[in-house]
Amino acid sequence: MKRLIRLFSAALLASGSIASAGEPITTEPSEPPASTFKLSYEADATYEYVGGAKTRLGGDREGRVSEQYSAAHLVLTPQWNSGILYRVGFDWQRFSFGLPSGAPLPNTLQSFSAVIGADFQLFDSWLVRVEAQPGFYGDSNDLRGRDFNVPFIIGGSYIASAELQWVVGLSIDVNRRYPVIPAIGVRWQFADHWTLNAILPSPRLEYAWSKGLTLFAGGEVRDSTCHVRSDFGTDLGKPRLNNAVVEYLEVRAGAGLSWKATKELSVELQGGYLPYRDFDFHRTGDNGETQSGAPYGQLSISARF
């Protein structure tokens with residue numbers, strides 16, 4: 001499990017594109033269709049707290065590391081007529097760690113990035129997403145040229161039926177230990193109220209309790225690759241860590257509920273256990289790995305218009 005890293009999921013694409021997949025296309029309409037423009041958006045905000053987990057700090061030293069995670073995501077999706085659905089927005093993530101004094105680990109990992117991409121239909125049953133997130137991935141609020149990176153994804157969703165969709169794709173980040181990661185997943189509604197959503201990074205089994213309430217159990221994998229400060233290692237007596245790349249990974253398992261408060265707004269609550277966490281300075285050979293896990297709780301709010 002030490003080398004488990006984040007596989008990505010090309011998430012099921014926008015509901016409007018999925019709904020239109022496989023519909024007949026008239027290539028020679030009797031009248032020129034009126035030009036139409038549609039604009040929708042997706043917005044998400046998340047907060048999470050993880051209790052102190054025993055973590056290896058180098059040599060024989062160990063200590064407990066807690067975590068607060070915050071994230072915000074906003075994407076606008078303009079579309080002209082029934083063509084390509086473009087994606088333009090921003091993404092922000094911040095990991096704040098409670099560390100023992102002198103721990104050779106960053107107390108903050110943070111990213112500010114743009115979101116630039118597109119969703120489009122390929123053949124009759126394939127929906128494809130291409131998306132890049134150019135931005136700054138570092139350990140502070142300062143925006144440095146060295147922190148700039150452009151991770152991106154290429155993924156496709158094959159609509160076998162209304163109940164079954166297959167997902168394949170690639171995640172590419174040159175700063176990771178493994179720059180290119182393939183992924184495959186499936187979303188299968190195998191009974192009236194039950195859906196297997198086996199798509200990384202958040203595979204889960206879902207039960208639709210009612211029209212607005214869904215219960216779920218599953219896991220989640222999070223991964224962030226950042227540069228640390230130019231004096232990070234100097235302050236710790238490890239100058240080799242100055243400006244080093246650290247790949248942060250955590251694996252969680254839990255359960256919760258998703259409540260559709262309105263047609264556009266959803267609220268999700270979940271809790272569980274974080275059994276594994278790793279700070280991997282893979283270019284220097286340094287590592288901070290959990291020796292035991294910790295409980296966590298999370299609140300997420302999502303809007304789709």
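Read on for a plain summary of the structure. For clarity, every value in this text was computed on a predicted model and none was experimentally measured. (Residues numbered from 1 in each chain as written. Predicted model: local features only at pLDDT ≥ 70, side-chain atom pairs only at ≥ 80, totals over all residues. Heavy atoms only, no water.)

A separate point is the overall build of the protein chain. Along the protein chain, the regular secondary structure elements total one helix and 17 strands. Expressed as a percentage of the 305 residues in the protein chain, the buried residues total 42%. For the protein chain, the accessible area works out to roughly 15400 Å², and carbon and sulfur atoms hold 59% of it. (Helix = DSSP H or I, 4+ residues; strand = E, 2+ residues; numbered from the N terminus. Buried < 20%, exposed > 50% of the residue type's maximum accessible area, 1.4 Å probe, protein only. Areas by Shrake-Rupley, 256 points an atom, 1.4 Å probe, with all protein chains shown as cover.)

Attention now moves to the environment of Ala217. Turning to its location among the elements, Ala217 is positioned in strand E13 (residues 213–227). For Ala217, a relative accessible area of 39% gives the class partly exposed. Each C-alpha atom, one on Ala217 and one on Gly254, is 5.9 Å from the other, the two residues being 37 residues apart in sequence. Beyond its immediate stretch of four places on either side in the chain, Ala217 contacts Arg204, Leu205, Gly254 and Ala255. (Contact = heavy atoms within 4.5 Å.)

Turning next to the pairing of strand E12 (residues 204–208). Note that strand E11 (residues 194–198) and E12 share four bridges and pair antiparallel. Bridging across to E12, Leu196 finds its partner in Leu205. Connecting E11 to the next strand, E12, in antiparallel fashion are five residues. Here E12 pairs with E13 via five bridges, running antiparallel. (Pairing = 2+ DSSP bridges.)

Attention now moves to the pattern of salt bridges. Should the charged atoms of two oppositely charged side chains come close, the side chains can pair. If you walk through the whole model with that rule in mind, you get 20 salt bridges. The residue Glu42 makes a salt bridge to Arg87 at a minimum N-O spacing of 3.3 Å. Residue Glu42 is found in strand E1 (residues 37–56), and its partner Arg87 is found in strand E3 (residues 85–98); the two are separated by 45 residues along the sequence. Of the residues examined, Arg87 reaches a relative accessible area of 3% and is grouped as buried. Each of Glu48, Glu220, Arg222, Glu250 and Arg252 takes part in one network of salt bridges that share partners. (Salt bridge = Lys/Arg side-chain N within 4 Å of Asp/Glu carboxyl O.)

This part takes up a nonpolar patch on the surface. A contiguous nonpolar surface patch, about 950 Å² in accessible area, is contributed by Phe37, Leu39, Tyr41, Leu74, Leu76, Trp80, Ile84, Tyr86, Phe90 and Phe305. Given the relative accessible area of 37%, Leu76 is considered partly exposed. (Patch = residues over 30% accessible without salt bridge, like charges linked within 9 Å, V, L, I, M, F, W, Y side chains within 5 Å.)

To continue, consider the nonpolar core. The biggest cluster of nonpolar side chains holds 19 residues, and the ones touching the most others in it are Phe97, Leu109 and Phe281. If you tally residues by element for this core, the top one is strand E2 (residues 62–80), at three residues. In contact with Phe281, other than residues within four places in its own chain, are Pro104, Pro106, Val228, Phe232, Leu241, Ala244, Val245, Val246 and Asp286. (Core = buried A, V, L, I, M, F, W, Y, C linked by side-chain atoms within 4.5 Å.)

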